[in-house]
Each structure stands twice: as C-alpha cells, then as structure tokens.
Amino acid sequence: MNDKIDLIIIGKFETVDYKGYSQLPIDRIDMYKDLVQLRTVYMDGGFHHFLDIFNKAKYGRYYEQSNYAEKREMYNIWNLPSLNPALAVSPMLNQGFNCKIINNLDSEFDILVEWAQTMEQPRIAISSTFLLSWTVIGKLIKKIRMEVNNATFIIGGAFINDQTAIKGVSTLEKPLRKYNISYAIHSYNSERDLLNLMQQIESNDFSDVNNLVYFKEDKFCSTKEQWNSPYINEKDIPPWNIIDLPKNNKTIQLRSSSGCTFKCSFCTYPVSSKGFHPAEMDYLKAQLDIIKEMNIENLIFIDDTPNFPTPRFISMLELLMRYNFRWYSFIRCQYINDDIARMMKESGCDGVYLGIESANDQILKNMKKAATGKKYMQGVEYLKRYDITTFAAFIIGFPGETSESIRSNIDFIKDSGIDYYSLKEFWYAPNAPISEKASKFGLEGFGNNWKHNTMTSQEASLVKMDVFNEINNCVYLDSDSGLWYLTYLRDQNYEWKTIEKAQKVIVEMLRLDNQNKHLQKKEILEEFTKIIHA
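Here is what the cut-offs are and how they apply
- Residues numbered from 1 in each chain as written.
- Predicted model: local features only at pLDDT ≥ 70, side-chain atom pairs only at ≥ 80, totals over all residues.
- Heavy atoms only, no water.
- Phe/Tyr/Trp six-rings, centres within 6.5 Å; stacked < 30°, edge-to-face > 60°.
- Lys NZ or Arg CZ within 6 Å of the ring centre and 35° of its normal.
- Salt bridge = Lys/Arg side-chain N within 4 Å of Asp/Glu carboxyl O.
- Helix = DSSP H or I, 4+ residues; strand = E, 2+ residues; numbered from the N terminus.
- Buried < 20%, exposed > 50% of the residue type's maximum accessible area, 1.4 Å probe, protein only.
- 1 Å grid on protein atoms, 1.4 Å probe; cavity = no way out; pocket = protein on both sides within 12 Å on 5 of 7 lines; lining within 4 Å.
- Points joined across faces, edges and corners; volume = space filled by probe spheres on them.
- Nonpolar A, V, L, I, M, F, W, Y, C, P; charged D, E, K, R; others polar.
- Contact = heavy atoms within 4.5 Å.
- Axes fitted to C-alpha atoms, helices over the stretch in contact; angles between N-to-C directions.
- Parallel < 35°, antiparallel > 145°, perpendicular 65-115°, else oblique.
- Left-handed = near helix turned anticlockwise from the far one by under 90°.

> I'd like a rundown of the packing of aromatic side chains, residues and numbers included.
In this description, an aromatic ring pair is defined by two values, namely the gap between the centres and the angle between the planes. Under the criterion given, the structure shown has 33 aromatic pairs. Three or more aromatic residues link up through ring pairs in this structure, and these residues are Phe54, Tyr59, Tyr75, Tyr488, Tyr494 and Phe528. Lying across the ring of Phe262, Arg332 places its NZ or CZ 3.9 Å from the centre. Over the ring of Phe468 we find Arg511; its NZ or CZ atom is 4.5 Å from the centre of that ring.

The structure is reproduced here in structure tokens:
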C-alpha cells in the first residue's frame, strides 16, 4: 500500500438539523412539530436526539457543545461504523490503493482536514446512502471547501442511484455544476466502478469506466450504463484488519447477501437490487476469520432477509456457532420456529429488527408481505422463549389503512410481547411497486405528502400520535435508528435492563413534550442520570 493517501471517503454525517430546529421558537411548535415529535427531546433550550440525553447525563454537555476529539468519545449513532464506505474501499485496498474512511464527519472533520492537507490533489468521495437531498450534500461540500479549497469531489451511493433511476442520468448535471462536483457514479453496486475511476483518473480516459458522469472541457459526459453484480459475489474479501474503523466501538456491520426474495409493494429495494444475491458461506467465514482477530465483539447483519431461505439461514447459524460474536439482524419472524430461535440464541443472537409493518391481514395483503398477524405473533413467541430482544417497526397509513387496521397494530403491540416498537408514516416512492395500483387505491402525491382513498399523510401523523399515546406496556424507539440505537448502547456496555429503564424515561420526556411541557424535565433528567450511572 502507498504511503500517500489516494482517496478519502466520507461515510456519514448528521442529516437532521437539530441546531436549526432548536433556533425555532418553542411557543410556535405547532408550526413545525412534525419535524421533531417522537424524534427528539427538548432540553436546555434545544432539540436533541435520544443519545444526546445520554451525553448530557454522562458528560454534563451535549454533542454539539463539544470539540471533535470529545465528540469521538461521546454517544452518537453515526459514530457506529457503517458498511457502505468499508465496501467501497475494499476493492481499492485489495489493489494497493491507500484509502481512508471518515466514518462520521461531524466527529472527524479535523481528521479529514489533516489528511486532505497531506494530499497534493485531495480526492474526496461522498457516500450518499444516508442523504436525502442535494441541499444537504451542498452544505457538506461547502463546509469542506472552507478548509480544503482544492478538493476534487466524487459522489455515489443510494441517493444518486435513486435520482437516476427515477429521473435519468441527465438530472445529475445541474446539481453537479452547482456544487462543483467532478464525478458521480450512479450504479447500484458501485464498488468496481469507483475502483475503475481511481485507476483511470490520472489519464482522464474513462472509456472503460461504467456508470460515470463527469465534465470534459465543461461538457457534461456520461459513460456506458451497466448493471453490476453485488461485491459479495466477487472473490475479493473486505480486508477488515486494514480498514479504518472507529477506535471506541467493538461493532462491525456486514452482509451475507444482497437484495431480497420478496417483493413488498412499498419497497424499492428488490427493484434496485434486481433480485436476491446470496454469498457463499465461505465468503462469510473468510470475513469472520479476519474479524475474530480484531477487537470486535458485535456483528450487525444488514441483509434484508437473512433468515430466508431457511436452509441457508440454518447454515449461517451453524457457522456463527463456531465463533464467539454477539449479533443483530433484520428478521422475518413468520419463518421462525422453536429450533431456529434456539439456534439463533446459541449462535449469539442478542436482538432483532422485525419489519412487521402491519398486524392487519388485509394491509399485509396490500403490502404483499407474505405474512399474517397470527404468524407474526407465533414468531415473536419463539424469539421471546429464548430471550432474544425484539424491536418491531410499523408503517402508518399504507393504502387501505383504516381505524380497524390501526386497532390491529395497537393490539399486536400490546399483546405480542415485543420489547420495543416504532411508528413511521407511509413514504410513497413513485418507483415502488405500489405505484402500479395507484388508481385502485386513489393514491396520489410523493414522499411524505400523499393521500389515498382511506387516509391522508396529515391524518397518518395524527394517528401515529394516537397510537403512541395509547401504548404503555411497550417501549417506543425512533423509527430511523432503532436497531442501531439498541446495538450501539449494547456496544457501549449497557445491559438490556438499563437500556429499557433509560428509554422508558426518554418516552416520558416525549410525552411531556407532546403536552407542551417542554421545560418540566429537571427531575426526570435526574432520574435518567441515576439509571445510567447505576
């Protein structure tokens, strides 16, 4: 590997504008409550993520009040290393390139600047997996250019892929010019394309680089569009022992498959991934053999459906039994039985994310979930039998949603025994399969602004609050970070009982905020502090 740095890749940075929300007048919260309700806690004149309450209790300050070195030691969900930048650099590392990862820019900006200043021509790649708008991307680039004004930017990832899938490659020209981004890779599995770009970037000959847009003498150019098989189907193994990982975490995210065998009507993943692509168990074993020699205790499998097909999942569990990892994953619990739940526990499973979405059979049919409320209930029972912590996610307002189907969800949350749950309004993606039945359901709109025959997005937000207010025997989590939030706290050595007690207090804080009692938390914060220091 070269001593000089060839590329810096940015994995994540905070996309929720907590600072901006905090500057809004609290006495006018009705104008913006949809931005903050059930997602943040109001404390000390500002809105904060749940983990920032841990920071206040442990360190006496919030994340944004700290310098970069302090931030790296504090609680922040983005400090947990993600898979995408690790996969992106793997082919390049295996070919001898020296690639550095900025896992969380908000905690590591000083490191980025330090690295970039050692580079004659700083090349910085941005993963757009967690980004939802060009405005956020522009804000990131502006911040970097203030310190590294000669940087060349490369962008790729899920947001770029979605933009081209919906609007075509030409839609990239305007934002690339506006933010002075030199290259964009728009493929779904872009690791090989990035490697090819880096191999040809000095020559400026991109004829052999697929799925690339760039500027040549100010002319917008694009190369051949080509589907790429997932990197997990390649022979190269991610070299985990030389990939930059945060030093204060003991967790790695990885996958044993790409894509999904199911075709849920709200989900674009099977469309963009073009089917199900399982890796051989030898591919997973080779990674585990590397990881076991590192200071890693926890694994998060981000496979969309690791437990289907069942025979493959059993092989995976048998492999994991040879190691001593604690692991977490998404699970379709309708395919869980007693033997599989037992094997999960014996192989180190500590917690699972259940994409229940709805407990109502008609809505499940509309969603094409290949499940029933009864099968879900049975699956949860098996998982609880072996003391595997469960977090269940629900969608509010899917086409066909009624008060009856909402009642099914409430009853399931109350009666099933799940430990944690989340609620999120239906998000309408125009390239999702449900769009093919838009006329049947009277579905109109885009994203979080929609209506159909039985509900509107505004009504769904109100229903979400009604459900939250009724549930008292199950603990609420933020829908966007639930599994990672729990895993992160486990990574930071919190026991399940402590996590449950602490989150219950946070839920009480949310209830106070919902009642406009934003300033009445002194005593409850003291209670929270005692819990996490016990």
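Next comes the rest of the description.
> Can you explain the pattern of salt bridges? Please cite residues and give values.
If you walk through the whole model with that rule in mind, you get 28 salt bridges. Between Lys285 and Asp289 there is a salt bridge, with the nearest N and O atoms lying 2.9 Å from each other. Separated by four residues within a single helix, Lys285 and Asp289 lie in helix α12 (residues 281-291), roughly one turn from each other. Lys285 sits in the partly exposed class, given a relative accessible area of 28%. A salt bridge links Asp419 to Lys384; the shortest N-O distance between them is 2.5 Å.

> Please give an account of the layout of surface pockets that cites residues and values.
Within this model, the second largest pocket holds a volume of roughly 350 Å³. For the second largest pocket, the lining is made up of 18 residues, of which Asn161, Thr164, Ala165, His186 and Lys274 are closest to its centre. For the lining of the second largest pocket, the elements supplying multiple residues, two or more each, are α8 (158-167) and α11 (269-273). Examining the composition of the lining of the second largest pocket, we find that four residues originate from one element, α8, more than from any other. The class makeup of the residues in the lining of the second largest pocket is five nonpolar, 10 polar and three charged.

> Got a sec to walk through the environment of Tyr62? Specific residues and values, please.
Checked against the element boundaries, Tyr62 lands in the loop between α3 (50-59) and α4 (68-73). Separated by 341 residues in sequence, Tyr62 and Ser403 have C-alpha atoms that sit 40 Å apart. Aside from chain neighbours lying at most four places away, what touches Tyr62 is Met43, Asp44, His48, Asp52, Lys56 and Met74.

> Can you tell me about the packing of helix α13 (residues 310-320) against helix α14 (residues 338-346), naming the residues and giving the values?
Interaxial distance between α13 and α14 falls to 9 Å at its minimum, and their mutual angle equals 30°. In this view, α13 runs roughly parallel relative to α14, as classed from their interaxial angle. Here α13 and α14 pass one another in a crossing that is left-handed. Facing α13, whose interface residues are Thr310, Phe313, Ile314, Leu317 and Glu318, α14 presents Ile340, Met343 and Met344. Looking at the contact of α13 with α14 residue by residue, the class counts come to six nonpolar, one polar and one charged.

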